[in-house]
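# Residue-level structural notes
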Amino acid sequence: MKHLNKIILVALAATMFSCDDDFKHPIEDIQVSAGEANFQKYIALGNSLTSGYRDNALYKSGQENSYPNMLAGLMKAAGGGEFNIPYMPNDTGGFIGLPGFPGKLVLTQGSMSPIQTDAGAQLDNIAAAGPYQNMGVPGAKSYHLLAEGYGNSAGLATGKANPYFVRFASSPSTSVIADAVKQSPTFFSLWIGNNDVLGYATSGGLGVDHNETGNMDASTYGSSDISNATVVAGALDKILGAMTTSNPKEKTKGVIANIPSVTSIPYFTTVPYAPLSPANPSFAPMIDELNATYAGLNQVFDAVGASERKIVFSKIEASPVVIKDKDLSDLSATITAALTPKIGAAKATLFGMIYGQARQATAKDLLVLTSSAVIGKVDEKRVDELKKLGLSQEEAGKLSVVGVSYPMTDNYVLTAKETAKAEAAVAKYNAAITSLATKYDLALVDAYSEMKKLSSNSGIKYYGQTYTTAFISGGAFSLDGVHLTGNGYAIVANMFVDAINRKYHSTLRKVYPGNYPGITIP
């Protein structure tokens, strides 16, 4: 079992047809104008998507190809000014000596499985070269933009500060909004709120949904929690109130984007729920033994009216992985009692512990991208734990194959119930964003709808090139499956251009996504 072949994710067959072509009729002689907007001092606020983060890191060329930098370039033709970016010192990213901040993901020769590189930069301070106009802070949630001390290095150890803001904050006590308002912008963009739900989704639903708890104290939220929608709306209201009144000479105009579906990105749509193929020469010989092992357990499930939990592997078609679903009633004691007469108390107790909340995945379950690295592999840590309970090396190995004999833990799977919580939060956030755009008379980017187009089979097309959310082959998403490529950020820049032109009667041009970098395949 230790030598199950690595599951290969085939993601290179994206459909290449679309009748939606924004560049069908380019107009080269159009007169660029600001219309009712003033682009002289443009500031971009947001999180990693605003900063240009990609491939699981923030690095210089990614920042150069951020959508705000593209927008700033387009605005220059309509009276826009300089756009200063807090560049990372290299093209690797990450912070040396700071856990949790590795370098970027890359592909190696002959492999389509990304590998993580080591961090390549020290945590420096570049505040003296500011102020900066791209104020996207990777990892920031809505309320973090208002937090004083979010750029204080003394707060890094306790999670009260963010190293990306530590780099360019004007002082240890300032906030992102305070540094933005200080510059008296004439125009701003805001795209924030994604992280208020994304951490919950990418963790497999490990966090708490504070829309259910009613907890309004953001200081108690964990990184994997879903922020209460009222907290998010309140934070956005304060941010927009501060930004629209930040220029003493005129009301500051701007554009705000809503939140895309967090579960339609490659991080959740690449790994199939049923990846265990009978054609796999390592898995096929195991099927009979596995079905025989699960037969007694399945009888228990039938007896207690839980037949939907039965675990069976097919010799004809690909089988779903086995997962642990924490929302299921725990049948550990029932399994132990039923199996003890047949296999003995010790082994029955073990089966109860392992399969008390187990079932096979369904099409409604979303396996996260990182699960591909563990499916079908023996969990050596689990082997050691089972050996301590008295099992032999061979027995422990047979019960430790992830997704096969050992249920995949919750952090690798987003169940239908968990997906529903995430999507409900997005809907509440977006309702608030729409209302606030009206309240402050701002342009609104419907990123939710536009990203739905990108995730469809037809995708979004520019000059004959189709972009989709397919991992690697789709062109729009980077190797982390969450953040965009230069192509993808160009698509987003065009979304913002459309909203700005529509609201302020400006005539900003668009960018051509094909001019920006996608995934580098060696």
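For the structure, check the block above.
Definitions and limits used
Along each chain, residue indices are assigned from 1 in the same order as the chain's sequence is written. Whole-chain, interface and lining totals are the exception, using all residues; otherwise, since this is a predicted model, local features are given only for residues with pLDDT of at least 70 and side-chain atom pairs are given and counted only at 80 or more. Values shown for side chains rest on all heavy atoms present in the structure; no hydrogens or waters enter the calculation. Labels follow the DSSP assignment, with helices taken as runs of H or I lasting at least four residues and strands as runs of E lasting at least two, numbered in each case from the N terminus. For a compact globule the rule gives 2.2 Å times the number of residues to the power 0.38, and the radius of gyration it is set against comes from C-alpha atoms. By the convention used here, residues are in contact when the closest approach between their heavy atoms is within 4.5 Å. Shrake-Rupley sampling with a 1.4 Å probe provides the accessible areas, and residues are treated as covered by the protein chains on show and by no other component. The sign given to each residue is positive for Lys and Arg and negative for Asp and Glu; His and the chain ends receive no count. To locate a charge, take NZ of a lysine, CZ of an arginine, CG of an aspartate or CD of a glutamate. Each axis is a line fitted through C-alpha atoms, taken for helices only over the stretch in contact, and angles between the N-to-C directions span 0 to 180 degrees. An angle below 35 degrees is read as roughly parallel, one above 145 as roughly antiparallel, one from 65 to 115 as roughly perpendicular, and any other as oblique. Crossings are sorted by hand: turned counterclockwise from the far helix by less than a right angle, the near helix makes the crossing left-handed, and turned clockwise it makes it right-handed. Under this grouping Gly is polar, as are all residues other than the nonpolar Ala, Val, Leu, Ile, Met, Phe, Trp, Tyr, Cys and Pro and the charged Asp, Glu, Lys and Arg. One less than the residue count of a helix, multiplied by 1.5 Å, gives the span that helix is expected to have. Classification of residues uses two cut-offs on accessible area relative to the type maximum, computed with a 1.4 Å probe and protein chains only: under 20% is buried, over 50% is exposed, and between them is partly exposed. Any pair of nitrogen or oxygen atoms within 3.5 Å is treated as a polar contact; in protein, a donor-acceptor pairing is required on top of that, and neighbouring residues in sequence qualify only through side-chain atoms on both sides. Strands are treated as partners if at least two bridges between them are detected by DSSP. Residues belong to a common nonpolar core when they are buried Ala, Val, Leu, Ile, Met, Phe, Trp, Tyr or Cys residues joined through side-chain atoms within 4.5 Å.

## Observations regarding the overall build of the protein chain
- The helix and strand tally for the protein chain stands at 17 helices and 13 strands.
- Expected size for 522 residues packed as a compact globule is a radius of gyration near 24 Å; at 25 Å, the protein chain falls within 12% of this value.
- Taking the principal axes of its C-alpha atoms as reference, the protein chain extends roughly 85 × 50 × 40 Å.
- For the protein chain, restricting intrachain contacts to residue pairs at least 6 apart in sequence, the fraction spanning at least 24 positions comes to 76%.
- Here the protein chain has roughly 21400 Å² of accessible surface; of this, 54% comes from carbon and sulfur atoms.
- When the 42 positive and 44 negative side-chain charges of the protein chain are each reduced to one mean point, those points stand 1 Å apart.

## Quick notes on the packing of helix α8 (residues 229-244) against helix α15 (residues 416-439)
- The contact between α8 and α15 brings their axes to 9 Å, and the two run at 25°. Looking at the two axes, α8 sits roughly parallel to α15. When you trace α8 past α15, the crossing you get is right-handed. On α15, the residues touching Ala229, Val232, Ala233, Leu236, Asp237 and Leu240 of α8 are Lys428, Tyr429, Ala432, Ile433, Leu436 and Lys439.
- Among the residues making up the contact of α8 with α15, the classes are represented as nine nonpolar, no polar and three charged.

## Notes on α8
- Over its 16 residues, α8 extends 22 Å from the first C-alpha to the last, a length consistent with the 22 Å expected when each residue adds 1.5 Å.
- Looking only at α8, the buried set comprises Ala229, Val231, Val232, Ala235, Leu236, Ile239, Leu240, Met243 and Thr244.
- With a side-chain oxygen lying 2.8 Å from the backbone nitrogen of Thr230, the N-terminal cap of α8 falls on Asn228.

## Description of the sheet that holds strand β5 (residues 187-191)
- Strand order in the open sheet formed by five strands is β4-β1-β5-β6-β11, and the pairing between neighbours is parallel. Each edge of the open sheet carries a strand with a single partner, namely β4 (134-136) and β11 (443-445). Each adjacent strand pair in this sheet contributes to an overall mean axis angle of 15°, direction not counted.
- Pairing geometry for strand β1 (residues 42-46) and β4, over three bridges, is parallel. Along β4, the bridge assignment pairs Leu45 with Met135.
- Packing of helix α3 (residues 67-76) onto the sheet brings it into contact with β1, β4 and β5, and relative to β1 it is tilted by some 165°.
- Taken strand by strand, α8 contacts β1, β5 and β6 (253-257), and its axis lies near 170° from that of β5.

## Side note on the nonpolar core
- Within the largest apolar cluster, 147 residues are counted, with the highest numbers of intra-cluster contacts made by Leu45, Leu190, Phe313 and Met408.
- Here the element with the most residues in this core is helix α17 (residues 486-504); it accounts for eleven residues.
- Every residue in contact with Leu190, bar those within four places of it in the chain, is listed here: Leu45, Leu145, Leu236, Ile239, Leu240, Val255, Ile256 and Ala257.
- Listed in part, the five residues of the second largest apolar core include Tyr143, Ala218, Val231 and Ala235.

## A closer look at the packing of helix α10 (residues 287-303) against helix α11 (residues 332-343)
- Where α10 contacts α11, the two axes come as close as 10 Å, and the packing angle between them is 130°. Classified by the angle their axes make, α10 and α11 are oblique. Every pair of crossing elements has a handedness; the one defined by α10 and α11 is right-handed. For the pair formed by α10 and α11, the contact residues are Gly296, Leu297, Gln299, Val300 and Phe301 on the first element and Thr334, Ile335, Ala338, Leu339 and Lys342 on the second.
- Here the residues of the contact of α10 with α11 sort into six nonpolar, three polar and one charged.

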